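Chain by chain, the residues:
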Amino acid sequence: MAGDRRRSVHLVEMGGLFGRRGHPSPAEPTSVGGDDDGYSRMVYCNGTASPESLDLDYPDNTISTTKYTVANFVPKSLFEQFRRVANFFFLIVACISFSPLAPYRAVSVLLPLVFVVGATMAKEAIEDWQRKKQDIEVNNRKVNVYDGAHSFYQTEWKKLRVGDIVRVEKDEFFPADLLLLSTSYHDGVCYVETMNLDGETNLKRKQSLEVTSTLHIDENLQNFKALVKCEDPNEKLYSFIGVLTNEGVQYPLSPKQILLRDSKLRNTHQVYGAVIFTGHDTKVMQNAMDPPSKRSNIERRMDKIIYVLFTSLVCICSISSIFFGIKTKQEINAGSYRWYLRPEKSSIFYDPNRTTLAAFFHFLTDLMLYGCLIPISLYISIEIVKVLQSMFIDRDQEMYCEESDKPARARTSNLNEELGQVHTILSDKTGTLTCNSMEFVKCSIAGISYGSKSCEAENNLSRVTEYDSSELHDKPVDLMRHNTQGFLERSPKGFNFKDNRLMHGQWIKEPNSDIIEKFFQVLAICHTAIPVVTKSDEIVYEAESPDEATFVTASRELGFEFYNRTQTSISLHQFDPKTGRKVDRTYELLNTLEFSSGRKRMSVIIRTEGDQLLLLCKGADSVIFERLAEHGNLFEHNTKRHISEYSESGLRTLAVAYRVLSAEEYITWHEEYLKAKNSINTDHDAIVDEVADRIERDLILLGATAVEDKLQKGVPECINKLAQAGINIWILTGDKLETAVNIGFSCQLLRRGMEQLIITLDQSDINALKKNGGRDAVEKTLHESVTKKIHEAQFRVSKMEGSGVPFALIIDGDSLAFAFSTNLEHPFLDLAVSCASVICCRTSPKQKALVTRLVKRKTRKITLAIGDGANDVGMLQEADIGVGISGVEGMQAVMSSDFAIAQFRFLERLLLVHGHWCYRRISAMCCLHISSSYCTGCI
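Residues numbered from 1 in each chain as written. Predicted model: local features only at pLDDT ≥ 70, side-chain atom pairs only at ≥ 80, totals over all residues. Heavy atoms only, no water.

1. Quick notes on the overall build of the chain
We count it as follows: Helix and strand assignments come from DSSP, with helices taken as H or I runs of at least 4 residues and strands as E runs of at least 2, each series counted from the N terminus. Relative accessibility under 20% of the residue-type maximum defines a buried residue, over 50% an exposed one, and the middle range a partly exposed one, all with a 1.4 Å probe and only protein chains included. Here a residue-residue contact requires only that any non-hydrogen atoms of the pair lie within 4.5 Å. For the area figures, the Shrake-Rupley method with a 1.4 Å probe applies, and any residue is considered shielded solely by the protein chains shown.
Regarding its fold elements, the chain presents 26 helices and 33 strands. The buried share among the 939 residues of the chain stands at 53%. When contacts within the chain are restricted to residue pairs at least 6 apart in sequence, long-range pairs at least 24 apart make up 72% of them. A total of about 43,200 Å² of accessible surface is found on the chain, and carbon and sulfur atoms cover 53% of it.

Given below as structure tokens:
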């Protein structure tokens, strides 16, 4: 199916290319696809009244997030209630109580059942009505729709149909999934905020097709007719495949042209769009699924207790009925019957001639008589107590974060008592333990390290580690002379760099000033950030990641201020070494090869004012170094050493490089790139990445950056308290081993005297094996290596058993992939459980979820996962308890969590205070309730 295909983000072509200088003009749209292109969805833009459009049975734009409807509320809610054993039992007893067998009136058993079931149903009805009111408000929002003639009219969102043309104004939400036709900017660019969609506050850049970008005037829309063939509705937020056919020519569509429902238009006056998906076909509604059902251990134990009580009840009633039958049978003899039973007037309930039937009726009577042994009110009592406990969590002032104005939230009341039984915590690092607020602190340029200020991680390390770190943190002797009064100046957000050799234009006096200039040009140009002018006329940057905003801010503070971006250019206020003052420089932006987790790098191709073609690139050092030219690795040795030092200090690093392109080489590559980009097939991503990789070669190394992601307030103290409480803590992160280890020391997860068990696979060894052997042989060798290291680590642990020396296991993602194999799963888990601390570095989101599942299933104890980003969602849903941090990375983790807190330090109070008391009170209430019910039943 076309909807199952993956397609990368459409890379925006910066028009003009070489234009009047005799080079090729912008490529014409290619005809892709065909009549049998696999697309099943057809949209007639601006043709909703056409017969073809009317024949399409697409849903309207009404949405519903309720669990029930008026028609199904009673049967569906009753079904949910009588899935509980106790409720079902009392339903049967209530039915029997209407017969003459009942030892009491039916109302005495029916009334409690009606109250319990009715109260729960009323609670669900009220919650569902709140959701219904929200749906009504959303469905009745207003939007401007084109009437097909000359003007727009206002209507409700719910009345939109597929193919309608709508106009959305600044700061309005998109009412459906739209195809972007044109914007108020002449280049067809608009900026979108997707906070309601994925929680991201960073602005996203969208780009219309060139063929539709001229539709600025309302009257121009009258003659616009187009057919869109695209994928079926699916939940992939960042993927879209389709073609737009206009006047016989087909244009490929990508996610860059799609505006998703519930996103908001920002920094753009207005946009025109065609409705592609409506209602529950929109991607946001396709993603709206119920979270996995989680039940607490107490609830499961309660069910078991109810079964035990029910079994006891049946046994008591059976024994009583058997003896009743025996005694009744004896009444058949005239001399032995009791006068008050009057056997001569026996009924079906007491007939010596039919003792079996009489005993069965007696059994039913006993069930009703001893029914109080089953505590029906316990369920409603627990629900009430849990709701009150959730209110205590929500209103706890000590878990309120003033900085972000966010309190703690119990998103479900079912798992309150589980908080007091947590055995293992699996935590993300970036944004969870750290602030996810990056600061530019150091850099390496031309083999020279700059930045004299010690970062927080280094200060923490100096207090907790016993390693000799003098070599890592040595500063040039003459650097101390640069710690002048200028350092006391207040730095802007994201910039904590102190080195007078570079600041205030002093970099022109450095021996490699030309390389320094290129270095900061790359940081100022190679990004997708957006400059935004505030009310105070200051420029702030909206970027897709905190790192990018940090780099652009750093380049601005050092004399390369990025201030304007268009579809085809990027402009800087740049310090000119020749004149000694800032000048305006505009660079033509030809291609943007965007960052992805697979590529681990980002590149832009620009043309300077001197008609020079440059490829600017920044990315992971492992990726950049293997793409260096022979003459471009002059500073490789020193840069690698500096990167290693930065990583050991807990800093995040990126390598920076560039390349000069010839016109002929670029023209040839650009034709291949356009062809790959316009292709529509299942291997689209791989094809585009392969073509991009061909030009990202023979790079010239400039240096590396180091940014600091500081620990959140109170993290070390919180982890120390949780460890003292006997809770195991694992860190699952995608960072390098060195960075993860040093953050581990900083937050006191790793402590002095710990024996470190390191299981890693060296990347250079992996590459060598791949060159010398086949895939199966490589995997076999690597599997054997991991197996050997795990067994050696187990031997060390067993040898030191009883010595009191704690162990810390550190494993990377490559080794973890083999540790999940069938024959290593148990040894790996046994090793990990025997360690006081575990750090898994270089892990993917899927591996995080797999580790959580492994720990939960094998230990059979309560696991808690905590994270703040979309890559932590799988881990949160897999754990017994998911805790979301409402941080910088968005709200996806919070939306998928069971509890939400603003900072990691609040986890201490959530578990050790609320968790302890919730568990204690619920347990005491259950024991008292069941014991009192049992005593009452016996009486």
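2. Observations regarding the packing of aromatic side chains
We count it as follows: Pairing of aromatic rings covers Phe, Tyr and the six-membered ring of Trp, with a centre-to-centre limit of 6.5 Å; geometry is then stacked below 30 degrees between planes, edge-to-face above 60, and tilted otherwise. Comment: the charge-over-ring label is applied if NZ (Lys) or CZ (Arg) is within 6 Å of the ring centre and within 35 degrees of the ring normal.
Within the structure shown, the criterion is met by 15 aromatic pairs. For the pair F440 and F497, a centre-to-centre distance of 5.6 Å together with 55° between the ring planes defines the contact as tilted. Of this pair, F440 sits in strand β16 (residues 434-445) while F497 sits in the loop between α10 (456-464) and α11 (513-525), placing them 57 residues apart in sequence. Both residues of the pair, F440 and F497, belong to the buried class. Measuring from centroid to centroid gives 4.8 Å for W669 and Y673, while their planes differ by 15°, and the two rings are stacked. Taken together, the positions of W669 and Y673, both in helix α15 (residues 663-678) and 4 residues apart, correspond to about one turn of that helix. Judged by its relative accessible area of 5%, W669 falls in the buried class. Y673 gets classed as buried once you look at its relative accessible area, which sits at 0%. An aromatic cluster of three or more residues is present, and its members are W507, F519, F520, F560 and F575. A cation sits over an aromatic face here: K640 above F625, 5.3 Å from the ring centre.

3. Some points on helix α9 (residues 377-394)
Residues spaced three or four apart along an α-helix point in a common direction, a consequence of the helix completing one turn every 3.6 residues. Cut-off, in case you're wondering: A helix is expected to span 1.5 Å multiplied by its residue count minus one.
The terminal C-alpha atoms of α9 lie 26 Å apart, and with 18 residues this matches the ideal 26 Å at 1.5 Å per residue to within 8%. For α9, the set of buried residues is L378, Y379, I380, I382, E383, K386, Q389, S390 and I393.

4. A word on unusual backbone geometry
Positive phi values are uncommon outside glycine, yet D262 reaches one of about 75°. In the Ramachandran plot, A446 falls in the positive-phi region, its phi being about 55° despite a non-glycine side chain. Structurally, A446 can be placed in the loop between β16 and β17 (448-450).

5. Observations regarding the pattern of salt bridges
To keep things clear, this is the line we draw: Salt bridge, as applied in this entry: a Lys or Arg side-chain nitrogen positioned within 4 Å of an Asp or Glu carboxyl oxygen.
For the structure on display, the rule yields 38 salt bridges. A salt bridge links D693 to R627; its shortest N-O distance comes to 2.6 Å. Here D693 is found in helix α16 (residues 684-695), whereas its partner R627 is found in the loop between α13 (621-625) and α14 (636-648), with 66 residues between them in sequence. Residues D693 and R627 agree in their burial class; the two are buried. Of the charged contacts, one joins E690 and R694 as a salt bridge, the two residues approaching to 3.4 Å between their closest N and O atoms. Taken together, the residues E690 and R694, both in helix α16 and 4 residues apart, mark about one turn of the helix. Salt bridges sharing common partners tie together R599, R601, E626, R627, D693, E696 and R697.

6. A few points about helix α22 (residues 822-833)
The terminal C-alpha atoms of α22, which comprises 12 residues, lie 18 Å apart, in line with the 16 Å expected from a rise of 1.5 Å per residue. Buried residues of α22: L824, P827, F828, L829, L831 and A832, and no others.

7. Let's talk about the sheet that holds strand β27 (residues 728-732)
Inclusion rule: Only strands that DSSP links by at least two bridges are regarded as paired with each other. Where helices are involved, their axes are fitted lines through C-alpha atoms of the stretch in contact, as for all axes, and angles between N-to-C directions lie from 0 to 180°.
The mixed open sheet is built from 9 strands, whose spatial order is β14-β33-β32-β31-β15-β27-β30-β29-β28. The open sheet has two edge strands, β14 (409-410) and β28 (755-759), and neither has a second partner. Pairing of strand β15 (residues 422-427) with strand β31 (residues 862-867), which is carried by 5 bridges, proceeds in the parallel orientation. Looking at the pairing, T424 lines up with T863 of β31. Helix-sheet contacts for helix α18 (residues 737-746) involve β28, β29 (807-812) and β30 (837-841), and the interaxial angle to β30 is about 150°. Across the sheet, helix α23 (residues 845-859) lies against β15, β27 and β31, angled at about 160° from β27, the strand it touches most.

8. A short note on the nonpolar core
Short version of the rule: Think of a nonpolar core as a cluster: buried Ala, Val, Leu, Ile, Met, Phe, Trp, Tyr and Cys residues, connected wherever their side-chain atoms sit within 4.5 Å.
Ranked by size, the top nonpolar core spans 48 residues in total, and within it F440, I445, L502, F520 and L616 carry the most contacts. With 8 residues, the top contributor of residues to this core is α11. Beyond its immediate stretch of four places on either side in the chain, I445 contacts Y450, L502, I515, I516, F519, F520, L702 and G703. Counting residues in hydrophobic clusters, the runner-up holds 44 residues, among them M399, C401, L433 and I731.

9. Description of the packing of α22 against α23
Selection rule: Any angle from 65 to 115 degrees is called roughly perpendicular, while one under 35 is roughly parallel, one over 145 is roughly antiparallel, and all others are oblique.
Interhelical geometry of α22 versus α23 gives an angle of 85° and a closest axis separation of 11 Å. When the axes of α22 and α23 are compared, the pair comes out roughly perpendicular. Between α22, through E825, H826, F828, L829 and V833, and α23, the contact on the second element is made entirely by L854, V855, K858 and T859.

10. Structural notes on the pairing of strand β18 (residues 530-533)
Strand direction decides the pairing type here: β18 and strand β19 (residues 539-542), joined by 4 bridges, are antiparallel. Opposite V532, over in β19, you have V540 as the bridge partner. Linkage of β18 to β19, two consecutive antiparallel strands, is achieved through a turn of 5 residues, within which D537 is found at a positive phi near 65°.

11. A short note on the sheet that holds strand β5 (residues 177-183)
Taken in spatial order, the 6 strands line up as β3-β2-β4-β13-β5-β11 in an open sheet, and their pairing is antiparallel. Every other strand in the sheet has two partners, leaving β3 (152-156) and β11 (258-259) as the edge strands with one partner each. Pairing analysis gives 2 bridges linking strand β2 (residues 142-146) to strand β4 (residues 165-169), with the strands arranged antiparallel. What sits directly across from V145, in β4, is V166.

12. Regarding the environment of N353
The residue N353 is located in the loop between α7 (297-330) and α8 (355-369) in this model. A relative accessible area of 62% means that N353 is categorised as exposed. Sequence spacing of N353 and K329 is 24 residues, and the spatial spacing of their C-alpha atoms is 7.1 Å.

13. Here we look at the packing of α11 against helix α12 (residues 546-557)
Cut-off, in case you're wondering: Left-handed describes a crossing whose near helix is turned anticlockwise from the far helix by less than a right angle; the clockwise case is right-handed.
At a minimum axis distance of 8 Å, the contact between α11 and α12 shows a crossing angle of 135°. As far as their axial angle goes, α12 and α11 are oblique. As α11 runs across α12, the sense of the crossing is left-handed. For the pair α11 and α12, contact is made by F520, L523 and A524 and by F551, V552 and S555, respectively.

14. Topic: the confidence of the model for the chain
The cut-off we apply is this: Per residue, pLDDT captures the predictor's confidence, and it can take any value from 0 to 100.
Summing up the model confidence of the chain, the mean pLDDT is 80 and the portion of residues at 70 or higher is 83%. Low pLDDT (under 50) marks residues 1-36, which in the prediction has 115 contacts with non-local residues, meaning those over four places away or in another chain. Overall, residues 464-489 carries pLDDT values under 50, and its contacts beyond four positions in sequence, including any with other chains, amount to 31 contacts.

15. Details of the pairing of strand β21 (residues 569-576)
Taken across its 8 residues, β21 has 7 buried, putting it largely inside the fold. Where strand β20 (residues 560-565) lies against β21, 5 bridges are found, and the strand directions are antiparallel. Residue pairing across strands places F562 opposite L572, the latter belonging to β21. Hairpin connection of β20 to β21: 3 residues between the antiparallel strands. As paired elements, β21 and strand β22 (residues 581-593) share 8 bridges and run antiparallel to each other. Bridge pairing links Q574 to V583 in β22. Once β21 ends, the chain turns through 4 residues before running back antiparallel as β22, passing G580 with a positive phi of about 75°.

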